[in-house]
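The chain contents come next:
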Amino acid sequence: MTEFDFIVVGAGAAGCVLANRLVTMGNARVALLEAGPVDSIPAIHATDIGSMTSMWGPGEQNWAFQTAPQTGMHGRRVDIAQGRGLGGGTAINAMMYVRGNARDFDRWAEMGATGWSYRDVLPYFKRSESFDGGDDAYRGRSGGLQVIDMPVTSAASAAFLQAARSTGLSTAAEDFNGAQQEDNAFLYQSTRADPGSRCSTATAFLDPLRGDPRLTVLTGSLATRVLIEDGCAVGLEYVCNSVTTSIRATREVILCAGAFLSPQLLMLSGIGPAETLRTHGIALVADVPGVGQNLHDHLLLPVAYRATADQDPPQLLSEAGLFTYSGVFDRETNSPDLQFFFGPIQYADPEYVDGGPGFTLVPILAQPRSRGSVTLASADPLTKPLVDPAYLSDPADVEVLVRGVKLARRLAQDAAFTVLRDRELAPGADIASDEALAAYVRASASTVWHPVGTCRMGAADDPTAVVDPSLRVRGVTGLRVADASVMPMITAGNTNAATIMIGDKAADLILL
Ligand SMILES: Cc1cc2nc3c(=O)[nH]c(=O)nc-3n(C[C@H](O)[C@H](O)[C@H](O)COP(=O)(O)OP(=O)(O)OC[C@H]3O[C@@H](n4cnc5c(N)ncnc54)[C@H](O)[C@@H]3O)c2cc1C
C-alpha cells in the first residue's frame, strides 16, 4: 500500500494551505485528495461576474447541494453551491476577503476553543496573505494569498458609502480587516492577484509546489472511508475512475472536506451519533453525537431599487459594505449581527426585477441563531448527505432581517441616493408592516454559501464537541478535521479568510 506521512482530504480553502505547510514547514510526504477536477477551466481564473456565476449551477465545479424543505421558509428547498475541484470553494467563490470580527474568535475561545482568541489567530491571518494597504499590525505582506483593494469607482457605491456616513451608521474610516470592522462602511477587498485574475488557494498554495516530489495531488479521487485500526486512523480508502484504492498515513489523516462532507466522511468511517450509524448499518468506531450537528449559515435578503440611469457594471458581486447592529442583541457583547452587500445592479427574485438599471442593498444575517444538521442519507459514499440548516427556525433571525430591510431603506432614502433612486422594486414600498416584512424574509432570504459548524471545536472534556482545540477528533487518534466545519460559531462576515486561517493554524498544531 502506498504510504505517506500525512493524508489531507479536500483541496479547498483549508486543505491547500495545510498541505503546503506540511510539505514546506514539516518537510513531510503529503497526499492531498480532491474529489473534483484540476482547475483548468478559464472561468475559474477569470474575475468577471458572468464567469463566476457560470460555476454556481450544477456541474463539475459544484457539488450543488439542495436543502431539505425549510419550514421557516414556507417549505422552500434552498440550493447551496459548494466548490468541487482544486481550490474548492475558493475556485468558484465571490472573492470577497473578510476576516470576521475580533469578537468572533474571542467568543470561540470562551466556548472552549482555547488558543483561538483573536490575539491567537491574528498571526495566521497575517501569515497567509499578501496585501499592500492597512496597518502592519494587522496585515500580512508576504503570504501566498494575494488580496487587493478593488479600484471601484461606481457612483452607486460612492453613494452607499456617503449614505452610511450621513445616517450615522458609519463613524470610522478604518481598514475593515484591521483594527475596527463594525460601524465602518467600506469597499470590499478581493482575493485576486490583480483585478483580472482570481487567487484561489490552489493558486496561492499549490501552484508554488508543482513538481515537488513531497506533494502528491490526487484529483478525481473521492475519499470514501478513513481506515482505522485499534482506534487510530492509519489510512484512507478512495475511489478514482471507479477503482477503489487504499493509501496509508504513517502520521495523521486530516479532513478538510468542508462543512457538509467532512461530517459525512466521519460518519461513513464509523464516527458519529451511534443511532445514525446503526440505522445505516455502519460499524461504530466512536460514538460522537456532535458530528453533523450545529449547522448554520448566513442568509441574505435583497432590497432592490430601479435606478434613474444606467449604472457602471459591477466589478465584484458586492462592491461596498458595512457591518452594523440591528438592535436585537446587546452590542457590548456581540459581533455585528448585520452585514451589508451593495451593488449597482437589480438583484432580487425574478418577479421583482424589470431588467432595467438599478442598485441593491443586501442585508445579511451575520450572526444566525438557528441551528440545523447534516446527516447520512445512505451508507453509500456516492450519495450526498441530507442537509437541513433549519433556516429561520429561531424567530430572532427573522427579526434581525426585518430590521435589516428597514436599515436598507433608511440608507436608500438618504440624500446621497436622490439622483440615482427611482422606485423600490423589492420588497416594494407597500410592504411596510413588520408582518409583511417577515413574510418577505421567509419568502426571499437565501444562502450566502457559508455553511459551518458541523464538526464543532470545543473543550477536550465537552462531549458535544467533535474536535478538541487541537482539532483532534474525539474518540480516535491520528485523525483531525481542519475546515469551516470546526467553527464553533460563524464569523460575522464571509467565511473564506477564517477557514484559510484554520488550515494554516492546523499546520502548527500538527507540526509544533
Ligand atoms: C458560490 C460561493 C461564493 C462564496 N463567496 C465567498 C466570498 O466572496 N468570500 C468568502 O470569504 N467566502 C465565500 N464563500 C465561502 C468560502 O468559499 C468557504 O467558506 C470556504 O471555501 C470553505 O472552505 P473549506 O475548506 O471548509 O471547504 P471547501 O473550500 O468547500 O473545500 C472542500 C474540498 O473538499 C473536497 N471534498 C469534499 N469531500 C471530499 C471527499 N470525500 N474526497 C475528496 N475530496 C472531497 C471538495 O470537492 C472541496 O474541493 C463562497 C462560497 C461559495 C460556494
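The rules we used
Residues numbered from 1 in each chain as written. Predicted model: local features only at pLDDT ≥ 70, side-chain atom pairs only at ≥ 80, totals over all residues. Heavy atoms only, no water. Near = heavy atom within 4 Å. Polar contact = N/O pair within 3.5 Å; in protein donor to acceptor, adjacent residues only side chain to side chain. Areas by Shrake-Rupley, 256 points an atom, 1.4 Å probe, with all protein chains shown as cover. Helix = DSSP H or I, 4+ residues; strand = E, 2+ residues; numbered from the N terminus. Nonpolar A, V, L, I, M, F, W, Y, C, P; charged D, E, K, R; others polar. Core = buried A, V, L, I, M, F, W, Y, C linked by side-chain atoms within 4.5 Å. Buried < 20%, exposed > 50% of the residue type's maximum accessible area, 1.4 Å probe, protein only. Contact = heavy atoms within 4.5 Å. Pairing = 2+ DSSP bridges.

A. Spatial organisation of the site of the ligand. The local shell around the ligand holds 36 residues, among which Glu34, Met96, Ala223, Thr495 and Asn496 are the closest. In the environment of the ligand, a nitrogen atom lies 3.0 Å from a nitrogen or oxygen atom belonging to the backbone of alanine 35. Threonine 495 is positioned such that a nitrogen or oxygen atom in its side chain is 2.7 Å from an oxygen atom of the ligand. For the ligand, whose unbound accessible area comes to 1,000 Å², protein coverage reaches 97%. Among the secondary structure elements, those contributing two or more residues to the shell around the ligand are helix H1 (13-24), strand E14 (221-229), helix H8 (258-268) and helix H12 (496-511). At three residues, the largest contribution of residues to the shell around the ligand is made by E14. Considered class by class, the residues forming the shell around the ligand number 18 nonpolar, 15 polar and three charged.

B. Structural view of the nonpolar core. Counting residues in each nonpolar core, the largest one holds 86 residues, and the members touching the most others are Trp108, Leu266 and Leu479. In this structure, leucine 266 is in contact with Leu255, Ile271, Val291, Cys455, Val466, Val473, Leu479 and Val481, ignoring residues within four places of it in sequence. In this structure, Ala163, Leu338, Val405 and Leu425 belong to the second largest nonpolar core, which totals 55 residues.

C. Representation of the sheet that holds strand E10 (residues 189-190). Taken in spatial order, the three strands make up an open sheet running E5-E10-E8, and their pairing is antiparallel. Whereas interior strands pair on both sides, the edge strands pair on one side only; in this sheet they are strand E5 (96-97) and strand E8 (148-149). Sheet analysis places E5 next to E10, joined by two bridges and oriented antiparallel. Pairing of methionine 96 across the sheet is with serine 190, part of E10.

D. Main features of the environment of glycine 321. Residue placement: glycine 321 occurs in strand E21 (residues 320-324). Distance in space between the C-alpha atoms of glycine 321 and proline 363 is 9.6 Å, their sequence separation being 42 residues.

E. Inspection of unusual backbone geometry at higher detail. Of the consecutive residues alanine 426 and proline 427, the connecting peptide bond is found in the cis state with omega at 0°. Here proline 427 is to be found in the loop between strand E26 (421-426) and helix H11 (434-444). Its identity is not glycine, yet alanine 64 carries a phi of approximately 50°, on the positive side. Mapping alanine 64 onto the fold places it in the loop between helix H3 (49-53) and strand E3 (65-66). The exposure class of alanine 64 is partly exposed, given its relative accessible area of 23%.

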